[in-house]
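Tertiary structure, described
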Amino acid sequence: MAVRVQEAGFDPGGELNAFTAAAAGAGAIVSFTGVVRDLDTGGLDRMEIEHYPGMTESAIAKIETEAVRRWRLADSLVIHRYGALAAGETIMMVATAAPHRADAFQAAEFLMDYLKSRAPFWKKEVTADGAAWVAARDEDEDALSRW
């Protein structure tokens, strides 16, 4: 299990290759890579992501521990970036390894849903017209109800 919260970019393909090589006993590897998306109307200059070091890693580690408890995982990886990110940049990655695909898929979805709604990150969208904090979305909160 690994949690990394970092400002620097990362190579999702390289991360996945290393994760797969180290996932002894896994019959299934699932990964998800999140990318900063532009606004529906376009014009996103950047997204600024803030967090409290230590608190963020601890909160994500608790979510990851819960995933391992609920599903039979051989390994898991969560990477999340902070700082100023442009549209199209990689923002996060989740990978899970399990003996069987159902556990790997469900654990990955669980981790992604909780990262989106509960991980202590604060996101601000910056455009030519100014900046606005990103509010919680009802559909993200609703996704948690299945867990």
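**Re the packing of aromatic side chains**
- Throughout the structure, instances matching the rule amount to five aromatic pairs.
- Aromatic pair Y52 and W122: ring centres 5.3 Å apart, planes at 75°, arrangement edge-to-face. Taken together, the positions of Y52 in the loop between β3 (44–51) and α2 (55–70) and W122 in strand β7 (residues 121–127) put the pair 70 residues apart, joining distant regions of the chain.
- Measuring from centroid to centroid gives 4.7 Å for F110 and Y114, while their planes differ by 40°, and the two rings are tilted. Linking F110 with Y114, this pair stays in helix α3 (residues 101–117), spanning four residues, or about one helical turn.
- Residue F110 is classed as buried on the basis of its relative accessible area, which comes to 2%.
- What makes Y114 partly exposed here is its relative accessible area of 21%.
- Chaining the aromatic ring pairs together yields one cluster made of W71, F110, Y114 and W147.

**Structural notes on the sheet that holds strand β2 (residues 28–35)**
- Pairing in this open sheet of four strands is mixed, and the strands run β1-β4-β6-β2 from one edge to the other. Whereas interior strands pair on both sides, the edge strands pair on one side only; in this sheet they are β1 (2–6) and β2. Neighbour-to-neighbour, the strand axes of the sheet open up by a mean angle of 5°, direction not taken into account.
- Note: strand β4 (residues 75–81) against strand β6 (residues 90–98), six bridges, orientation antiparallel.

Reading the values: the criteria
Residues numbered from 1 in each chain as written. Predicted model: local features only at pLDDT ≥ 70, side-chain atom pairs only at ≥ 80, totals over all residues. Heavy atoms only, no water. Phe/Tyr/Trp six-rings, centres within 6.5 Å; stacked < 30°, edge-to-face > 60°. Helix = DSSP H or I, 4+ residues; strand = E, 2+ residues; numbered from the N terminus. Buried < 20%, exposed > 50% of the residue type's maximum accessible area, 1.4 Å probe, protein only. Pairing = 2+ DSSP bridges. Axes fitted to C-alpha atoms, helices over the stretch in contact; angles between N-to-C directions.

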